[in-house]
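# Tertiary structure, described
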Amino acid sequence: MSKIIASAAIRGAHKIYARAEAKYNEAIEKFGPEQEVAFPETAYYLPIVYGILGIKVEKLGDMKEVFATAKNLLPPPVREITPLPYLAPALDAGMATLFVEEMEQAIKYVEEPDYYLANKEDCEPENDKIWLGAADDVILRKRGVEFVDGTAPGFAAIAGAAPSPEKAKALAQELQEKNLYIFMGADHQGKRMSEQLVEADVQIGWPTRLVPFGPDIASVAVFALGFATRAAMTFGGLKGGEFRKILIYNKDRVFSFVLALGDVTDEWYANAAGAINWGFPTIADTPIPEVMPTGICTYEHVVSNIPFEEIVAKAVEVRGLKVTIADVPIPMAYGPAFEGERVRGDDIYLECGGGRTHAVEWVTSAEMDEIDDGKVEVVGPDIKDVEVGAKLPLGIKVQVAGRKMQEDYEPILERQIHHLINYAQGIMHIGQRDIAWLRVSKQAVEKGFTMGDLGKILHAKLHQDFGAIFDKCQVTVYTNDEDVDKILELARAAYHERDARIEGMTDETTDTFYSCTLCQSFAPNHVCIVSPERTGLCGAYNWMDCRASYEINPTGPNQPVEKGEVIDARLGQWKGCNDFLYQASRQVYDHYNFYSIVNDPMTTCGCCEAIAAVLPICNGVMTVDRDHMGMTPCGMKFSTLAGTVGGGVITPGFVGHGKYNLTQRKWLAAEGGLKRLVWMPKHLKEEVMDRLKIRCEEIGIPNLWEMIADETVGTTEEEIYPFLEEKGHPALTMPPILGE
């Protein structure tokens, strides 16, 4: 390793340690050692300290041990004449830097509680508040899933600033097009990348993957590497103190790197040395010394003097990142990074659906000779025919044909329309089926967008992602009332038939289930087996989705599982499923039960949409989804629950599940199913209300949904029990749930 870099990193580490220690001493004197410290709404304490050292920092006084450890790690300054090598001491200096900077950031939350926009995904540039600080657990799980399924292959941590706001915008867009997250902090000559993007009218925040963690190098380093460390513990099931596993996990699975834009100070060197421990290299646009040999990182550790316009391509090469870029023939940028982009108020050029007009989306099968592949037709007014602020009806009819195409695949393809259209920069899409809502921004129109581009997107991406099951795709976009109404009538008839076909399937009459091992990259022993009446716990896959996935990729994560001999019909256990589970879990588990929460429930990973837990006093169960941030009657928030039962383990009394599964007939059927549900968040109840009422009717208790408590009633068993008694909830008179 370069002696110059080692010297600078160690000097920087000593400066940072001295500054943080002084801040700590001031805080102790002002607040006392019992003052609680934490990053708001996050598990894992201070994640870098906890993940690497296993030390739980909950109060200011707990930091004393960490400062002592960091001080012991700090090597002495490099002498003029010193023997090789330099790498190990520099890496130690980098790790010590991150420990003390993380504690310094925690103290900042105590001293200035409103400094960061806690628990926010969006920035507020109009209020001069753009620093988001540590990602809370809701954001971690929501965004972390994207690292599991590959829609986000990694992140770029940017320190410094681009030569101009226009070049900052171009750099951000290039990274977004490669589906990367961009974490930003630190300044170069008083300029910061995040502030340059605001100046260039670029929307920043988690939805667009342009995340301004804070104004200085410490904020981007601590919150970015903390995010990576939490991902290893949340999705990989790793524990605090398992530092080797956590660092290797990040090197092998979280493909990230540092872009140093501008003058590299001693403090930047110290933080870069820290990032190398995670396997994250640094690529700089200035002529600093390089560290070329491989070792800790996959390839080079520090590469410098890269022209600004070439720095992204070089970073991707150095990190060994495999990026898939969609080739979509439209005039705007395209990629998952734009999925969360919003089009609001004065930005709107055209709006369709959303209650303003009719809007419908429909995928239907056709014969091979009935359609022309790649044909896109617009019937009705196009962008050039309307003025700013116009509202049009919208009907999107996608016709597909192929030897392997089946009617069962139609809803699977149809569900892709939402995110495929949303990937276009300047386009916002919400909903599906006949409740779709489309907004087109002025920016997209200025770049040349037309309504026909919707068809080009769908043709290109459906072929790319699902080409194994069809051969031709033709898209017609209707924008006049008469034709949209006709399509709406045809589509609604098709929706009704599909729902009846899916709802009519049962586990008893289906011999083949499907596995999903997509999350094994994060939870190695987790095996989800999806049946018609038990959707995947992530909520993203039902039985038909898995079957389609298998057709598309026969060697992929969704494999057919012959359920075989019935071992226990009540619990939901079959010999064929057990045999598959034993092999797929690497011989860790030899059985689990589909329909039980008490007796060996299915494994749970960190991607679950919701988690159910037994409430013994109420003789029932509660469920909580990842969007609920408050306390629950089981005594744990969702983040704590997920950290406890995630990672691909079987935990009696707890089980992850999808929101849709909540209203399927087999949900926790072994313990009585829906009759046991005594608490759920209010917003979740409202979200599933239509199906919930139908299920209540089916089980003969039409008003059961009114008997289910939520956070407005209470957040402890003692608080909700009187409500359940008053309402006459059936769980109170059922056999003991722990004796089932």
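Residues numbered from 1 in each chain as written. Predicted model: local features only at pLDDT ≥ 70, side-chain atom pairs only at ≥ 80, totals over all residues. Heavy atoms only, no water.

## Description of the overall build of the protein chain
Put simply, the rule is: The helix count covers DSSP runs of H or I at least four residues long, the strand count covers runs of E at least two residues long, and both are numbered beginning at the N terminus. Atoms counted for the radius of gyration: C-alpha only. Globule rule: 2.2 Å times the number of residues to the power 0.38. Only protein chains enter the calculation, and the probe is 1.4 Å; a residue is then buried if its accessible area is under 20% of its type maximum, exposed if over 50%, and partly exposed in between. In this description, contact between two residues means that some pair of their heavy atoms is separated by no more than 4.5 Å.
A count of helical and extended segments in the protein chain gives 22 helices and 23 strands. The C-alpha atoms of the protein chain give 27 Å as radius of gyration, which agrees with the globular expectation for 740 residues (27 Å, within 12%). Among the 740 residues that make up the protein chain, the fraction classed as buried is 58%. A separation threshold of at least 6 residues defines the contact pool for the protein chain, and within that pool the share at least 24 residues apart is 74%.

## Considerations on the sheet that holds strand β5 (residues 282-284)
Selection rule: Strand pairing follows a simple DSSP-based rule, namely that at least 2 bridges must link the two strands.
The six strands are arranged β3-β2-β1-β4-β5-β6 in an open sheet whose pairing can be described as parallel. Each edge of the open sheet carries a strand with a single partner, namely β3 (210-212) and β6 (302-303).

## Regarding helix α3 (residues 63-73)
Spelled out, the test is: Comment: arc refers to directions from the helix axis out to C-beta atoms.
Residues of α3 that are buried include every one of Met63, Val66, Phe67 and Ala70, and no others. Projected onto a plane normal to the axis of α3, the buried residues spread over an arc of 100° and lie on a single side. Along α3, exposed side chains directed more than 90 degrees from the buried face belong to Lys64 and Asn72. Those residues of α3 that are buried lie in contact with α1 (3-31), α2 (47-53) and α4 (87-111).

## Description of the packing of α1 against α4
The axes of two packed helices give the description: the angle between them and the distance between them. We apply this condition: Helix axes use the C-alpha atoms of the stretch in contact, all axes being lines fitted to C-alpha atoms, and the angles between their N-to-C directions lie in the range 0 to 180 degrees. Here the word oblique covers every angle except those under 35 degrees (roughly parallel), over 145 (roughly antiparallel) and from 65 to 115 (roughly perpendicular). Here a crossing is taken to be left-handed if its near helix is turned anticlockwise relative to the far helix by less than a right angle, and right-handed if that turn runs clockwise. Put simply, Ala, Val, Leu, Ile, Met, Phe, Trp, Tyr, Cys and Pro go in the nonpolar bin, Asp, Glu, Lys and Arg in the charged bin, and everything else, Gly too, in the polar bin.
The N-to-C vectors of α1 and α4 enclose an angle of 30°; their axes lie 8 Å apart at closest approach. Judged by the inter-axis angle, α1 sits roughly parallel to α4. Judged by the twist between their axes, the crossing of α1 over α4 is left-handed. Across the interface between the two elements, Ala6, Ala9, Ile10, Ala13, Ile16, Tyr17, Arg19, Ala20, Lys23, Tyr24, Ala27 and Phe31 from α1 touch Pro89, Ala90, Ala93, Thr97, Val100, Glu101, Glu104, Ile107, Val110 and Glu111 from α4. In terms of residue class, the contact of α1 with α4 is made up of 16 nonpolar, one polar and five charged.

## A closer look at the packing of aromatic side chains
Our working definition: For Phe, Tyr and Trp, rings pair up if their centres lie within 6.5 Å, where Trp contributes its six-membered ring, and each pair is then called stacked (planes under 30 degrees apart), edge-to-face (over 60) or tilted (otherwise). Charge over a ring is defined by NZ of Lys or CZ of Arg lying within 6 Å of the ring centre and within 35 degrees of the ring normal.
Summed over all chains, the structure comprises 27 aromatic pairs. Ring geometry for tyrosine 514 and tryptophan 543: centres 5.7 Å apart, planes at 70°, overall edge-to-face. Of this pair, tyrosine 514 sits in strand β15 (residues 512-516) while tryptophan 543 sits in helix α16 (residues 543-552), and the two are 29 residues apart along the sequence. By the burial criterion, tyrosine 514 is buried, and tryptophan 543 matches it. Cation over ring: lysine 693 sits above tryptophan 705, and NZ or CZ is 4.7 Å from the ring centre.

## Topic: the side chain of asparagine 578
As a reminder, the rule being used: Counted as a polar contact is a pair of N or O atoms within 3.5 Å, where, for protein atoms, one must be capable of donating a hydrogen and the other of accepting one, and residues adjacent in sequence contribute only when both atoms are in side chains.
Within the element layout of this structure, asparagine 578 appears in helix α17 (residues 575-584). A distance of 2.9 Å separates the side chain of asparagine 578 from the side chain of glutamine 573, its partner in a polar contact. Residues within four places of asparagine 578 in sequence aside, it is in contact with Ile567, Gln573, Asp590, His591 and Tyr592.

## Digging into the pairing of strand β22 (residues 654-657)
Residues Phe654 and Gly656 point to one face of β22 and Val655 and His657 to the other, with burial holding for every one of them. Relative to β22, strand β20 (residues 610-615) runs antiparallel, the two sharing four bridges. Looking across to β22, one finds that alanine 612 is bridged to valine 655.

## Description of the sheet that holds β15
Within a sheet, each strand pairs with its neighbour through backbone hydrogen bonds, oriented either parallel or antiparallel. Taking strand neighbours across the sheet as the criterion, the three strands line up as β16-β15-β17 in an open arrangement whose pairing is antiparallel. At either end of the open sheet lies a strand with only one pairing partner, and these are β16 (528-530) and β17 (560-562). Strand-to-strand twist across the sheet, computed as the mean angle between neighbouring axes with direction ignored, equals 40°. Where β15 meets β16, three bridges bridge the pair, whose relative direction is antiparallel. Considered in β16, the bridge of serine 515 is made with isoleucine 529. On the sheet, α16 packs against β15, β16 and β17 and is oriented at approximately 75° with respect to β15. Relative to the sheet, α17 contacts β15, β16 and β17, its axis offset from that of β17 by approximately 130°.

## Structural notes on the pairing of strand β1 (residues 155-160)
The condition is simple: A clockwise course of the path from the first strand over the helix to the second, judged with the strands pointing away from the viewer, identifies a crossover as right-handed.
Within β1, six of the six residues are buried, which leaves it mostly tucked inside the rest of the structure. Note: β1 against strand β2 (residues 181-185), five bridges, orientation parallel. Directly across from phenylalanine 155, in β2, lies its bridge partner tyrosine 181. As for the winding sense of the linkage, the β-α-β connection from β1 through helix α6 (residues 165-177) to β2 is right-handed. Bridging between β1 and strand β4 (residues 257-261) involves five bridges; their strand directions are parallel. The partner of alanine 157 across the bridge, within β4, is valine 258.

## A short note on the packing of α1 against α3
For the pair α1 and α3, interaxial distance at closest approach is 12 Å and the crossing angle is 165°. Of the possible angle classes, the one that applies to α1 and α3 is roughly antiparallel. Pair α1 / α3 crosses with left-handed handedness. Judged by residue contacts, Tyr17, Ala20, Glu21 and Tyr24 of α1 engage Met63, Lys64, Phe67, Ala70 and Lys71 from α3. Residues that form the contact of α1 with α3 fall into these classes: six nonpolar, no polar and three charged.

## Here we look at α17
An α-helical turn contains 3.6 residues, so a residue and the one three or four places further along point in the same direction. Listing the buried residues of α17 in full gives Gly576, Cys577, Asn578, Leu581 and Ala584. Against the buried residues of α17 lie β15, β16, β17, β18 (566-568) and β19 (573-574). Positive phi appears at arginine 586, one or two residues downstream of α17, with a value of about 60°.

## Some thoughts on the pattern of salt bridges
Between side chains of opposite charge, a pair can form when the charged atoms approach closely. Here is the rule: Only one rule defines a salt bridge in this text: a Lys or Arg side-chain nitrogen within 4 Å of an Asp or Glu carboxyl oxygen.
The full count for this structure, using the stated rule, is 30 salt bridges. Between aspartate 122 and arginine 342 there is a salt bridge, with its nearest N and O atoms 3.3 Å apart. One end of the pair, aspartate 122, is in the loop between α4 and α5 (137-149); the other, arginine 342, is in the loop between α11 (311-319) and β7 (348-353), with 220 residues separating them in the sequence. Judged by relative accessible area, aspartate 122 falls into the partly exposed class, the value being 25%. Among the charged side chains, a salt-bridge network with shared partners connects Glu121, Lys142, Arg143, Glu146 and Arg209.

## Here's the deal with the environment of isoleucine 276
Positionally, isoleucine 276 belongs in helix α10 (residues 266-277). Separated by 20 residues in sequence, isoleucine 276 and isoleucine 296 have C-alpha atoms that sit 6.7 Å apart. In this view, isoleucine 276 contacts Leu91, Ile296, Cys297, His301 and Val302; residues no more than four positions away in its chain are not counted.

## A look at unusual backbone geometry
One non-glycine residue, aspartate 128, lies in the positive phi region at around 60°. Relative to the assigned elements, aspartate 128 resides in the loop between α4 and α5. By relative accessible area, aspartate 128 is classed as exposed at 73%. Notably, glutamine 587 is not glycine yet its phi reads approximately 65°, a positive angle.

## A look at the environment of lysine 675
With respect to the helices and strands, the residue lysine 675 is situated in the loop between β22 and β23 (677-679). The partly exposed category is assigned to lysine 675, whose relative accessible area is 31%. Along the primary structure lysine 675 and valine 621 are separated by 54 residues, whereas in three dimensions their C-alpha atoms are 9.2 Å apart. Not counting chain neighbours up to four residues away, the residues in contact with lysine 675 comprise Ile699, Ile701, Leu704, His729, Pro730, Ala731 and Met734.

## Points about the state of the cysteines
Stated formally: Note on terminology: pairs of cysteine sulfur atoms within 2.5 Å are recorded as disulfides.
If you walk through the whole model with that rule in mind, you get zero disulfides. Here cysteine 352 is not cross-linked by a disulfide; its sulfur's nearest cysteine counterpart is in cysteine 473, at 20 Å. The class for cysteine 352 is buried, based on a relative accessible area of 1%.

Treat this as a map of the structure, not an account of what it does.
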